[in-house]
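Summary of the model geometry
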Amino acid sequence: MRTQKIAKNIKDIWSLKYHVIIPIIVDVVGIYVCRKYKIYLWNSKYYGELLTAVITFLSIVISVFGILIPTVFNSKSKLVAYFINNIDTKYFVSSVKNVIISGISEVIVICILYAYDVIPLKIYVLFCVISVFLLIYFVCGSYKYISLMLRLALEEKEPVKGKKYKNQLSDDKRQKINDMLRNENKDT
């Protein structure tokens, strides 16, 4: 019983924070591999093209957010209405903003990485580590929220309405019972 509760807690934490945990793990492993095998990407023949490709990728994903957000939230779907009525709006908006800000920050950091021939090596390596973290954070966060928005935009499922009972009270009978209970409670 206790191990099931621990497993559920770990799963809950993972589903909420995997887009932060994965970039940290990738950064640590990447730093280890690059140091051990003396890999210096900025010495690559096509390093500039690599940076350009990453910026292009980021721009495309950010534009997908720009298309999906209005599409989803202007939808008249019952699933979207259910989602909007039941989410923690503050958390959802701040999470999506964090993902988009990480993508824009990544573009800025990559623009700094283009200056690999004039920036001191220690500062440049720091920007490389930050860049890898931001890129993986952006990719994981984008996956999380774009998949959610695509589900909302494309699925036709009805939200769960709960169990339906065969012998429900009519509104008139319900009102009579409520009145009776109020009258009984007045006397006490």
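Note: the structure precedes this text.
Here is a short report on the structure shown in this document. Predicted, not measured: the structure shown is a model, and the values here were computed from it.

Formed by 26 residues in total, the largest nonpolar core has its most connected members in Tyr-47, Phe-65, Ile-110, Leu-113, Tyr-124 and Tyr-145. Mapped onto this core, the elements with two or more residues apiece are α2 (47-73), α3 (78-86), α4 (89-113) and α5 (121-154). Tallying contributions element by element places α2 first for this core, with nine residues. Aside from chain neighbours lying at most four places away, what touches Ile-110 is Leu-51, Val-54, Ile-55, Leu-58 and Ser-131.

Now for the pattern of salt bridges. This structure, assessed with the given rule, holds three salt bridges. Residues Asp-171 and Arg-174 are paired through a salt bridge, measuring 2.9 Å at the closest nitrogen-oxygen approach. Of this pair, Asp-171 and Arg-174 both sit in helix α6 (residues 171-187), three residues apart, which is roughly one turn of that helix. For Arg-174, a relative accessible area of 39% gives the class partly exposed. Note that Asp-172 is salt-bridged to Lys-176, the shortest N-O span being 3.8 Å.

By secondary structure assignment, the location of Asp-88 is in the loop between α3 and α4. With 29 residues separating them in the primary sequence, Asp-88 and Asp-117 have C-alpha atoms 46 Å apart.

Evaluated as defined, the whole model comprises nine aromatic pairs. Ring centres 5.8 Å apart and planes at 75° place the aromatic pair Phe-92 and Tyr-145 in the edge-to-face group. With Phe-92 in helix α4 and Tyr-145 in helix α5, this pair connects stretches of sequence that are 53 residues apart. Between Tyr-116 and Tyr-124, the ring centres sit 6.5 Å apart and the planes meet at 65°, which makes this aromatic pair edge-to-face. Taking relative accessible area as the criterion, Tyr-116 reaches 35% and is therefore assigned partly exposed. Cluster of aromatic residues (ring-pair linked, three or more members): Tyr-40, Trp-42, Tyr-47, Tyr-116 and Tyr-124.

Turning our eyes to something else, we now look at the packing of α4 against α5. Two numbers describe how α4 lies on α5: the axes approach to 8 Å, and their chain directions differ by 145°. For α4 against α5, the interelement crossing comes out left-handed. The residue inventory of the contact of α4 with α5, partitioned by class, reads 18 nonpolar, eight polar and two charged.

With that out of the way, let us pick up a nonpolar patch on the surface. Nonpolar side chains collect at one region of the surface, where Ile-25, Val-29, Tyr-32, Val-33, Tyr-37, Ile-39, Leu-41 and Leu-50 lie side by side and expose about 750 Å² of accessible area between them. With five residues, the top contributor of residues to the nonpolar patch is helix α1 (residues 2-37). Within the secondary structure layout, Ile-25 lies in helix α1. The partly exposed category is assigned to Ile-25, whose relative accessible area is 46%.

So, on to the side chain of Ser-131. Along the chain, the position of Ser-131 falls in helix α5. Residue Ser-131 is classed as buried on the basis of its relative accessible area, which comes to 8%. Those residues within four positions of Ser-131 in sequence are excluded, and the remaining contacts are Glu-106, Val-109, Ile-110 and Leu-113.

Compared with the 36 Å implied by 1.5 Å per residue over 25 residues, the 36 Å span of α4 between its first and last C-alpha is a close match. Among all positions of α4, only Phe-92, Ser-95, Val-96, Val-99, Ser-102, Gly-103, Glu-106, Val-109, Ile-110 and Leu-113 are buried. Next to the buried residues of α4 lie α2, α3 and α5.

This part takes up the packing of α2 against α5. Interhelical geometry of α2 versus α5 gives an angle of 30° and a closest axis separation of 10 Å. By the angle class used here, α2 and α5 are roughly parallel. Between α2 and α5 lies a crossing whose hand is left-handed. Touching Tyr-47, Val-54, Phe-57, Leu-58, Val-61, Ile-62, Val-64, Phe-65, Leu-68, Ile-69 and Val-72 of α2 are Tyr-124, Cys-128, Leu-135, Phe-138, Val-139, Ser-142, Tyr-145, Ile-146, Met-149, Leu-150, Leu-152 and Ala-153, all from α5. Its residues assigned to classes, the contact of α2 with α5 shows 22 nonpolar, one polar and no charged.

Procedures and definitions
- Residues numbered from 1 in each chain as written.
- Predicted model: local features only at pLDDT ≥ 70, side-chain atom pairs only at ≥ 80, totals over all residues.
- Heavy atoms only, no water.
- Core = buried A, V, L, I, M, F, W, Y, C linked by side-chain atoms within 4.5 Å.
- Buried < 20%, exposed > 50% of the residue type's maximum accessible area, 1.4 Å probe, protein only.
- Helix = DSSP H or I, 4+ residues; strand = E, 2+ residues; numbered from the N terminus.
- Contact = heavy atoms within 4.5 Å.
- Salt bridge = Lys/Arg side-chain N within 4 Å of Asp/Glu carboxyl O.
- Phe/Tyr/Trp six-rings, centres within 6.5 Å; stacked < 30°, edge-to-face > 60°.
- Axes fitted to C-alpha atoms, helices over the stretch in contact; angles between N-to-C directions.
- Left-handed = near helix turned anticlockwise from the far one by under 90°.
- Nonpolar A, V, L, I, M, F, W, Y, C, P; charged D, E, K, R; others polar.
- Patch = residues over 30% accessible without salt bridge, like charges linked within 9 Å, V, L, I, M, F, W, Y side chains within 5 Å.
- Areas by Shrake-Rupley, 256 points an atom, 1.4 Å probe, with all protein chains shown as cover.
- Expected span 1.5 Å × (residues − 1).
- Parallel < 35°, antiparallel > 145°, perpendicular 65-115°, else oblique.

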